[in-house]
Amino acid sequence: MQHLDPDRLVLLALDEPSLDAGESDHLTDCPSCREEVATLREVASLSAETQEVRELPAPPDRVWRQIAAEVTAPTAAAGQSAPAGRQGVRRAA
């Protein structure tokens, strides 16, 4: 069974577009996609209830140091695997 596209699930969770007949049938028959939409709706609801970003506490300095280390780390040479936790990450050209 081919599941609905993840981007489409996000839009459905946000009540953006309406379902077409195929999507409706799929959600009726697919507990995995229904659960994903329900989870995304919960996340959207929680984020709508939270404080505005400017009111959140600043992250600790260690977070910024780690971000800086990740951004400035050399990329893996061709043929070598990326460091743990970095597989699939692409850098902007």
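Residues numbered from 1 in each chain as written. Predicted model: local features only at pLDDT ≥ 70, side-chain atom pairs only at ≥ 80, totals over all residues. Heavy atoms only, no water.

Colleague: Explain the pattern of salt bridges here, please?
Modeller: Close approach of charged atoms allows side chains with opposite charge to pair. Taken as a whole and judged by the stated rule, the model has one salt bridge. The partner of arginine 8 in a salt bridge is glutamate 23, with the nearest N and O atoms 2.4 Å apart. With arginine 8 in helix H1 (residues 6-13) and glutamate 23 in helix H2 (residues 21-29), the pair connects residues that are 15 residues apart, well separated along the chain. Arginine 8 gets classed as buried once you look at its relative accessible area, which sits at 17%. (Salt bridge = Lys/Arg side-chain N within 4 Å of Asp/Glu carboxyl O. Helix = DSSP H or I, 4+ residues; strand = E, 2+ residues; numbered from the N terminus. Buried < 20%, exposed > 50% of the residue type's maximum accessible area, 1.4 Å probe, protein only.)

Colleague: What is the right way to read the side chain of glutamate 23 from this model?
Modeller: A residue is classified by how much of its surface remains accessible, and glutamate 23, at 9% relative accessible area, is buried. Setting aside chain neighbours within four positions, we find glutamate 23 in contact with Leu4, Arg8 and Ser18. (Contact = heavy atoms within 4.5 Å.)

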